[in-house]
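Residues per chain are reported as follows:
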Amino acid sequence: MQHFENSVYDLIVETSTNLPGDVRRAVAKGRALEDRATRSGLALTTIAQNIGMAELQVSPICQDTGMPTFIIHTPVGVNQIEMKKDIHNAIIRATKNGKLRPNSVDSLTGENSGDNLGAGTPVIHFEQWEEESIEVRLILKGGGCENKNIQYSLPAELEGLGKAGRDLDGIRKCILHSVYQAQGQGCSAGFIGVGIGGDRTTGYELAKKQLFRKVEDVNPIQDLAKLEDYIMENANKLGIGTMGFGGEVTLLGCKIGVMNRLPASFFVSVAYNCWAFRRQGILVDPAAGTIQEWLYESGTGISVETEDSSAPAAVLEAVGAAADGAGSGVVPEDATITAAPAVLSAAEAAANPAGEQAAAAAGESREVRLTTPISEEDIRSLRVGDVVILSGEMHTGRDALHKYLMDHDAPVDLNGAVIYHCGPVMLKDDAGWHVKAAGPTTSIREEPYQGDIMRKFGIRAVIGKGGMGPKTLQALQEHGGVYLNAIGGAAQYYAECIKKVNSVDFMEFGIPEAMWHLQVDGFAAIVTMDAHGNSLHADVEKDSAAKLAQFREPVFK
């Protein structure tokens, strides 16, 4: 198959950069249900813009291109060994060209292979079938949403829902709980695949395979079709919202499959996928290796805008795009915030605490421009709901860096600094390093370290997604810091805000885990945890827990 490697490369690029048509329609439907003036509405607006930017620039929708997972059906007699070699070569090329982030890490040494190859990566499942063509399906599922997968062993006692038995109603409770426990950490609004039965391994495999179904299909098993409809209606009543900001849209799709189980076991496995639902497939000519057909509708030409094309009441800089930029996903340089309050400098915000408290009491948000390094006074003037527009230098830091900094000095002065929980996609040429994708990673992983590191180095702000826990919140209050929630998956939107790569440290950690020193301008994120002990994430979780309890009584008997 002379052209098979090129066909797989094209599949990888399309999957990483162009969201399929059925997923786009689901996002558009979600946007229509959400008030654009809310934080969740703002997040969906940014998501819609990012989708267009990724397609236009042929760059990753999200910087976390996940664990490439292939499910391949071949006719009898096809050389699967040679196919695997071609897939590996296509993976190497896609990584080198910035379509995939190098994500293959040795679990013992922490060394990144740099090319997405290694023990167990990529994941390739071969199955034979009696058709003449070769079918190749690919899903790129990021680590943030992968970490929110969950498996239940029934019977079980579930928070807010009580006993879940070995029946359809027990399954219902498990699925609702899976959405609740994810909160915004998996980049909601999400899609879930559910596997009923099997063992612990095959249950998760079945759940992930459900994500290859089309969003708009109907389950052929009547009971499961009813359950899917029920989940879609009621999961969105939990009020978790996009990014966990609170709102009307928490779930965009639910697909459920079933298989036989052992008498002693009853597993319900849930694969949670973020809004950046990247999966695509091709039919391939087994002789030439060329693409015969794409299995999912292309997203090209399918708008994620709602029928109301007026500029949203957004507060992220440049999201309220002019009509000539909104449809294409391109941000005009002179785009304005059409329905936002006046932008304050840090000095103005700090000098007007009465106005700040009045705005907070009224549930209003402000925009505050800050330039790094940031003072404690500036930080303590901020409240949950404020939008901070940052300029200056910020520094990326993820798991490896946080662990290192607990026992070592930092390579740069971090007093007044901003740490960005981000593992970017980077390319290097003769001119130096360039950022190809740079959205936030899930912050909760750094909870054991974050507060201590902020105190130790004088860090004033942390940017990430999904929020952090009580230890970090206490440190923000005592030290004078804020947590800024960026929009998960909006890797192209934020890459546009990064004007220069100043330098990099700890390349031995690998590109995603290295400490990148980035010059930014107009980088906007929402204060969701402040220096006054307030946490939007804690509030939304508490509220959604109360709403979850409303679904305690049996429905399917």
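Within each chain, residue numbers correspond to sequence positions counted from 1 in written order. Local features in a predicted model are, by the rule used here, given only for residues with pLDDT of at least 70; side-chain atom pairs are given and counted only at 80 or more, and totals for whole chains, interfaces and linings are based on all residues. Hydrogens and water are ignored here; the side-chain numbers use all heavy atoms of the structure.

**A closer look at unusual backbone geometry**
Both trends apply: most residues other than glycine have a negative phi, and most peptide bonds are in trans.
Right, so step 1: The amide bond that connects Thr-121 to the next residue, Pro-122, takes the cis arrangement and shows omega of -5°.
Right, so step 2: Topologically, Pro-122 is positioned in the loop between helix H4 (80-96) and strand S2 (123-128).
Right, so step 3: Residues Ser-188 and Ala-189 are joined by a peptide bond in cis, for which omega reads 10°.
Right, so step 4: Phi angles above zero are rare outside glycine, and Gln-183 is one such case at about 45°.
Right, so step 5: Secondary structure elements are taken from DSSP: a helix is a run of H or I of four residues or more, a strand is a run of E of two residues or more, and numbering for both begins at the N terminus. Mapping Gln-183 onto the fold places it in the loop between helix H6 (168-182) and strand S7 (190-196).
Right, so step 6: Buried means the residue's accessible area, taken with a 1.4 Å probe over protein chains only, is under 20% of the maximum for its type, while exposed means over 50%, and partly exposed covers the values in between. Since its relative accessible area comes to 10%, Gln-183 is described here as buried.
Right, so step 7: Of note, Met-243 is a non-glycine position whose phi angle comes to about 65°, a positive value.
Right, so step 8: Residue placement: Met-243 occurs in the loop between helix H8 (222-234) and strand S8 (251-258).
Right, so step 9: Classification of Met-243 by relative accessible area gives buried; the value is 1%.

**Regarding the pairing of strand S10 (residues 278-284)**
Right, so step 1: The buried count for S10 comes to seven of seven residues, which makes it a mostly enclosed element.
Right, so step 2: The alternating pattern of S10 places Arg-278, Gln-280, Ile-282 and Val-284 on one face and Arg-279, Gly-281 and Leu-283 on the opposite face, and all of these are buried.
Right, so step 3: For two strands to be treated as a pair, DSSP must find no fewer than two bridges joining them. Two elements, strand S3 (residues 134-140) and S10, share seven bridges in a ladder whose sense is antiparallel. Within the sheet, the bridge partner assigned to Val-136 lies in S10 and is Ile-282.

**A look at the layout of surface pockets**
Right, so step 1: In this structure, the largest pocket occupies an estimated 950 Å³ of space.
Right, so step 2: If you trace the largest pocket, you find 39 residues lining it, with Asn-103, Ser-104, Val-105, Arg-398 and Glu-513 closest to the centre.
Right, so step 3: Sorting the residues of the lining of the largest pocket by element identifies helix H5 (143-146) and helix H13 (399-405) as the ones contributing at least two each.
Right, so step 4: At three residues, H5 tops the list of elements feeding residues into the lining of the largest pocket.
Right, so step 5: Amino acids outside the nonpolar list (Ala, Val, Leu, Ile, Met, Phe, Trp, Tyr, Cys, Pro) and the charged list (Asp, Glu, Lys, Arg) are all regarded as polar, and Gly is one of them. Its residues assigned to classes, the lining of the largest pocket comprises 10 nonpolar, 17 polar and 12 charged. The definitions used throughout rest on a 1 Å grid laid over the protein atoms alone, on which a cavity is an enclosed set of points accommodating a 1.4 Å probe that cannot get out and a pocket is an open set flanked by protein within 12 Å on both sides along at least five of seven lines; lining residues are those having an atom within 4 Å of a point. Grid points are joined across faces, edges and corners, and a volume is the space filled by probe spheres set on the points.

**As for the pattern of salt bridges**
Right, so step 1: Salt bridges are defined as contacts in which a side-chain nitrogen from Lys or Arg sits within 4 Å of a carboxyl oxygen from Asp or Glu. Going through the model one piece at a time under the given rule, you end up with 25 salt bridges.
Right, so step 2: The partner of Arg-24 in a salt bridge is Glu-55, and the shortest N-O contact between them spans 3.0 Å. Residue Arg-24 is located in helix H2 (residues 21-33), and its partner Glu-55 is located in helix H3 (residues 39-57); the two are separated by 31 residues in the primary sequence.
Right, so step 3: Judged by relative accessible area, which is 4%, Arg-24 ranks as buried.
Right, so step 4: Across the pair Arg-455 and Asp-452 runs a salt bridge whose closest N-O atoms are separated by 3.6 Å. Linking Arg-455 with Asp-452, this pair stays in helix H14 (residues 450-457), spanning three residues, or about one helical turn.
Right, so step 5: What emerges from the salt-bridge pattern is a single network uniting Arg-213, Asp-217, Glu-228 and Lys-255.

**Some thoughts on H3**
Helical geometry note: an α-helix holds 3.6 residues per turn, so side chains three or four residues apart project in the same direction.
Right, so step 1: Expected helix span is taken as 1.5 Å per residue step, with the number of steps being one fewer than the number of residues. In this model H3 runs 27 Å from its N-terminal to its C-terminal C-alpha over 19 residues, within 8% of the 27 Å that 1.5 Å per residue would give.
Right, so step 2: Counting buried positions along H3 gives 15 out of 19 residues, so the element sits mostly inside the fold.
Right, so step 3: Two residues or fewer past H3, Val-58 is found with a positive phi of approximately 50°.

**Some points on empty space enclosed by the protein**
Right, so step 1: As enumerated under the stated definition, the model contains four cavities of 30 Å³ or more in all.
Right, so step 2: In this structure, the second largest cavity occupies an estimated 100 Å³ of space.
Right, so step 3: Lining the second largest cavity are 15 residues, and of these Cys-62, Asp-64, Gly-142, Gly-144 and Lys-465 lie nearest its centre.
Right, so step 4: Top contributing element to the lining of the second largest cavity by residue count: H5, with three residues.
Right, so step 5: Considering only residue class, the lining of the second largest cavity consists of five nonpolar, seven polar and three charged.

**Some remarks on the packing of H2 against H3**
Right, so step 1: For the pair H2 and H3, interaxial distance at closest approach is 10 Å and the crossing angle is 155°. Comparing the axis directions of H2 and H3 gives the class roughly antiparallel. Along this stretch, H2 crosses H3, giving a crossing that reads as left-handed. Between H2 and H3, the residues in contact are Arg-24, Val-27, Gly-30 and Arg-31 and Leu-44, Thr-45, Ile-47, Ala-48, Ile-51 and Glu-55, respectively.
Right, so step 2: When its residues are assigned to classes, the contact of H2 with H3 shows five nonpolar, two polar and three charged. The angle between two axes is taken between their N-to-C directions and runs from 0 to 180 degrees, where each axis is a line fitted to C-alpha atoms and a helix contributes only its stretch in contact. To sort the angles, those under 35 degrees are grouped as roughly parallel, those over 145 as roughly antiparallel, those from 65 to 115 as roughly perpendicular, and the leftovers as oblique. Crossing handedness: left-handed means the near helix sits turned counterclockwise from the far one by under a right angle, and right-handed means the same turn made clockwise. Two residues form a contact once any of their heavy atoms are found within 4.5 Å.

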